[in-house]
Amino acid sequence: MAFIHDKEKYLALSLDEKRKVYKSSGGYCTLEDIKTWPSYFRSNQERLVQQYEDSKGKIGLEKFDARPELADKISLWKGDITTLEIDAIVNAANSTLLGGGGVDGAIHRAAGASLKVECSSLNGCKVGEAKITGGYMLPAKYVIHTVGPQGEIPAALQGCYDSCLNLLRNQKLKSIAFPCISTGIYGYPQEAAAKVALKTVRTFMEQNHEEVDRIIFCLFLPTDVAIYENLLQVFFPTS
């Protein structure tokens, strides 16, 4: 198939060679550029503790046990997912996998035309499932495409995160970045979606943290940042 040569070519490039072909206008961002959750928390501790206390009654969840070996591999990051120089970024795709608006379109544009060609060979994707492609001209080596539910369907949304994490593990990848799957035009309430995301990741990390270097929650809206700042204190407390 036409995309296979391109896929193998980009995956075989050295880091210096690959950086010369990045199409993203925002440059690139490495794992070293992104604080771990404990470091982020320490840098903003007074504000985050007060923010959590102000919202605690609305969250309605008890904190999980503090496990530093898990928290050290989690990040909250506000930025452009197409700039992340990591193993895999997640694309909140539609069922055709052929690109769309928003982040989906941005990923396709930054990756180049071969991404759509590879996606067209995958026969689409069902809600709650995920499929992996090359990253081509993206800083990320791979793109994991998942189709979220339209509306609040927790089992389907959990399936998205589980499917992506299983691909991460099965492909022996070490780092992944998630956008806020199914929020926005798909209508999943932001805080409810974040609870599903964080619970699913916490469960996965309890069993697989030694195989993972970093799981990044890549956020865009200030409301999502505040939600994750509060809920990370529940699911990945630092003490």
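Structure's up top.
Report on the accompanying structure. (Residues numbered from 1 in each chain as written. Predicted model: local features only at pLDDT ≥ 70, side-chain atom pairs only at ≥ 80, totals over all residues. Heavy atoms only, no water.)

**A short note on the sheet that holds strand 1 (residues 74–78)**
Spatial strand order, 1-6-5-2-4-3: six strands in an open sheet with mixed pairing. Strands with a single pairing partner mark the edges of an open sheet, and in this sheet they are strand 1 and strand 3 (130–134). For this sheet the average axis-to-axis angle between neighbouring strands, irrespective of direction, equals 25 degrees. Direction of pairing for strand 3 relative to strand 4 (residues 142–146): antiparallel, over a ladder of five bridges. When the bridges of strand 4 are listed, Ala-130 appears paired with Thr-146. (Pairing = 2+ DSSP bridges. Helix = DSSP H or I, 4+ residues; strand = E, 2+ residues; numbered from the N terminus. Axes fitted to C-alpha atoms, helices over the stretch in contact; angles between N-to-C directions.)

**Quick word on unusual backbone geometry**
For Tyr-136, which is not glycine, the phi torsion reads 55 degrees and is therefore positive. For Tyr-136, a relative accessible area of 3% puts it in the buried group. Even without a glycine there, the phi angle at Ser-182 is positive, about 75 degrees. Considering the arrangement of structural elements, one finds Ser-182 in the loop between strand 5 (175–178) and helix 9 (190–208). Judged by relative accessible area, Ser-182 falls into the buried class, the value being 4%. (Buried < 20%, exposed > 50% of the residue type's maximum accessible area, 1.4 Å probe, protein only.)

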